Amino acid sequence: MRHVIVIGAGQAGASCVAKLRAGGFDGSITLIGAEAVPPYQRPPLSKAYLMGEMALERLFLRPLSFYDEQGITLRLETQVTGIDPAAQSVSLGDETLYYDDLVLTTGSVPRRLPAAIGGTLEGVCVVRDLVDVDAMAPRFVKGARVLIVGGGYIGLEAASVAAKLGLKVTLVEMAERILQRVAAPQTSDYFRALHREHGVDIREGVGLERLSGEGHVHAARLSDGSELPVDFVIVGVGIAPATALAETAGLALDNGIATDSKGRTSAPHVWAAGDCASFPYRGGRIRLESVPNAIEQAEIVAENIMGAEKDYEAKPWFWSDQYDVKLQIAGLNSGYTSVVERPGIGRTASFWYYLGEELLAVDAMNDPRAYMIGKRLIEARRSPDPAMVRDPDADLKALL
Ligand code: FAD
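Keep in mind that what you see is a predicted model, and the values were worked out from it rather than measured. (Residues numbered from 1 in each chain as written. Predicted model: local features only at pLDDT ≥ 70, side-chain atom pairs only at ≥ 80, totals over all residues. Heavy atoms only, no water.)

Caption draft 1: Spotlight on the pattern of salt bridges. One pass over the structure, following the stated rule, counts 21 salt bridges. Note that Arg221 and Glu209 form a salt bridge whose closest N and O atoms lie 3.4 Å from each other. Separated by 12 residues along the polypeptide, Arg221 in strand β14 (residues 219-222) and Glu209 in strand β13 (residues 208-212) bring together distant segments of the chain. Glu209 gets classed as partly exposed once you look at its relative accessible area, which sits at 38%. When the shortest N-O distance is used, the salt bridge between Lys262 and Asp311 registers 2.7 Å. Taken together, the residues span a long stretch of sequence, with Lys262 in the loop between β18 (257-258) and β19 (270-272) and Asp311 in the loop between α9 (291-305) and β22 (317-322) at a distance of 49 residues. Exposure remark for Lys262: the relative accessible area of 16% places this residue in the buried category. One salt-bridge network, in which partners are shared between bridges, spans Asp189, Arg192 and Glu204. (Salt bridge = Lys/Arg side-chain N within 4 Å of Asp/Glu carboxyl O. Helix = DSSP H or I, 4+ residues; strand = E, 2+ residues; numbered from the N terminus. Buried < 20%, exposed > 50% of the residue type's maximum accessible area, 1.4 Å probe, protein only.)

Structural data, given as structure tokens:
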């Protein structure tokens with residue numbers, strides 16, 4: 001019987017095994033995960049779950065019984081320690097399992113602060129998995145002083161939850177502005193104003209110099225010379241693709257595990273999907289860190305294992321929730337040359353990114369309609385006249 005092994009029981013791993021069964025794959029399937037719980041959704045970890053508004057079971061992508069019912073062997077709390085592509089085997093410590101096809105959905109690992117600047121003091125937290133968040137959540141008490149390092153989406157979402165719960169929040173961003181790596185100045189301005197309205201002290205162009213404390217962190221020194229007393233620290237300075245296993249096994253890497261358009265890695269019968277994988281996209285190569293990408297790419301891999309020979313054509317989109325604002329992003333803005341604002345009422349707004357005359361991406365704040373229309377236009381590679389986008393009375397739907 002054919003045996004598919006999937007390493008990494010997260011969003012992509014769960015999607016891959018479910019798709020294999022849904023597509024009629026009748027061989028054996030083993031899904032191996034290092035964490036103690038069945039595959040779950042991570043986005044609520046910095047939103048509703050952290051806020052205490054979502055029960056643990058609602059995080060799970062499928063009930064535990066699903067894996068049994070589908071004849072999927074789910075091995076939790078199990079770390080894969082090695083891959084041997086020539087022997088088509090994986091090692092779990094002393095145990096060896098053999099595969100016909102292997103899928104790597106190992107996700108990513110959060111960047112941490114070096115020990116030399118206090119990164120290993122107690123009370124210095126990251127937000128990647130359930131264990132991180134369960135350990136951090138009890139610190140979210142009214143009046144506690146939290147320092148958030150990094151003004152990307154994870155840091156800003158954590159700041160939003162903390163401010164809503166009445167903590168005293170300081171957020172430092174080393175770059176000139178928050179969201180600099182991912183968004184235009186207009187989007188940064190929008191979210192800076194939103195956070196300041198909620199009392200978050202945002203300091204841009206300011207880095208963390210060092211954390212100090214006796215065992216537990218109690219102070220931070222910033223690059224502008226200021227000192228802050230802190231009760232805990234959240235580090236949101238990005239993630240790196242989890243490529244250690246692939247690298248040791250000699251697989252080609254290129255900003256993650258390099259795959260072709262079908263999800264194949266450089267080793268025969270080895271595939272990759274999700275945060276850990278990079279793939280060809282519009283003449284270049286990208287790696288995406290998002291739920292839609294993890295699901296869609298993993299499903300394509302499942303189909304290709306069953307012989308479909310399908311190309312993965314990513315349609316990037318992403319979202320973030322902060323306070324009462326839902327940000328939805330369609331497309332990828334890399335290389336944009338101009339940004340057009342479509343005004344809205346109150347907090348509603350959208351920013352449209354162009355490369356020359358080509359529409360690349362849309363950031364839509366509390367504007368699902370702008371997001372939906374923008375997404376469909378980008379996917380169809382159609383670009384509206386910026387004058388029309390700018391005119392709040394123009395009906396964009398007509399463009400579809
Ligand atoms: P993961 O879901 O991380 O799963 C990888 C799994 O592999 C992990 O469980 C890991 O333990 C396991 N693993 C790794 N190595 C081994 C090994 N050697 N042996 C066994 N197991 C191993 N995306 C959005 O689109 N919108 C959002 O709003 C959003 N918010 C987010 C908020 C937070 C706090 C986080 C952390 C992420 C968020 N994301 C969001 C990103 C999204 O969750 C990820 O892109 C997605 O989970 C990637 O899925 P994956 O399967 O590739 O990796």
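Caption draft 2: Inspection of the packing of aromatic side chains at higher detail. For the structure shown, the criterion picks out 9 aromatic pairs. On the numbers, 5.5 Å between centres and 50° between planes, the contact of Phe140 with Phe232 is tilted. Of this pair, Phe140 sits in the loop between α5 (130-136) and β10 (145-149) while Phe232 sits in strand β16 (residues 232-235), placing them 92 residues apart in sequence. Taking relative accessible area as the criterion, Phe232 reaches 1% and is therefore assigned buried. Ring geometry for Tyr190 versus Phe191: centroids 5.0 Å apart, planes at 65°, classification edge-to-face. Through pairs of rings, three or more aromatic residues link up here, namely Tyr153, Trp317, Phe318, Trp319 and Tyr371. Against the face of Phe66 rests Arg62, its NZ or CZ located 4.4 Å from the ring centre. (Phe/Tyr/Trp six-rings, centres within 6.5 Å; stacked < 30°, edge-to-face > 60°. Lys NZ or Arg CZ within 6 Å of the ring centre and 35° of its normal.)

Caption draft 3: Molecular detail of empty space enclosed by the protein. Across all of its chains, the model carries 1 cavity of 30 Å³ or more by this definition. There is about 30 Å³ of room inside the largest cavity. Examining the composition of the lining of the largest cavity, we find that 3 residues originate from one element, α9, more than from any other. Residues that form the lining of the largest cavity fall into these classes: 6 nonpolar, 2 polar and 2 charged. (1 Å grid on protein atoms, 1.4 Å probe; cavity = no way out; pocket = protein on both sides within 12 Å on 5 of 7 lines; lining within 4 Å. Points joined across faces, edges and corners; volume = space filled by probe spheres on them. Nonpolar A, V, L, I, M, F, W, Y, C, P; charged D, E, K, R; others polar.)

Caption draft 4: Just the sheet that holds strand β5 (residues 89-92), in detail. Taken together, the 3 strands give an open sheet; going across it, the order is β4-β5-β6, and neighbouring strands pair in antiparallel fashion. Edge strands, defined here as strands with exactly one partner in the open sheet, are β4 (82-84) and β6 (95-98). Along the sheet, successive strands turn relative to each other by an average axial angle of 25°, direction set aside. Two strands pair when backbone bridges link them, and β4 and β5 are joined in this way by 3 bridges, in the antiparallel orientation. (Pairing = 2+ DSSP bridges. Axes fitted to C-alpha atoms, helices over the stretch in contact; angles between N-to-C directions.)

No statement about biological role is implied by the geometric values presented.
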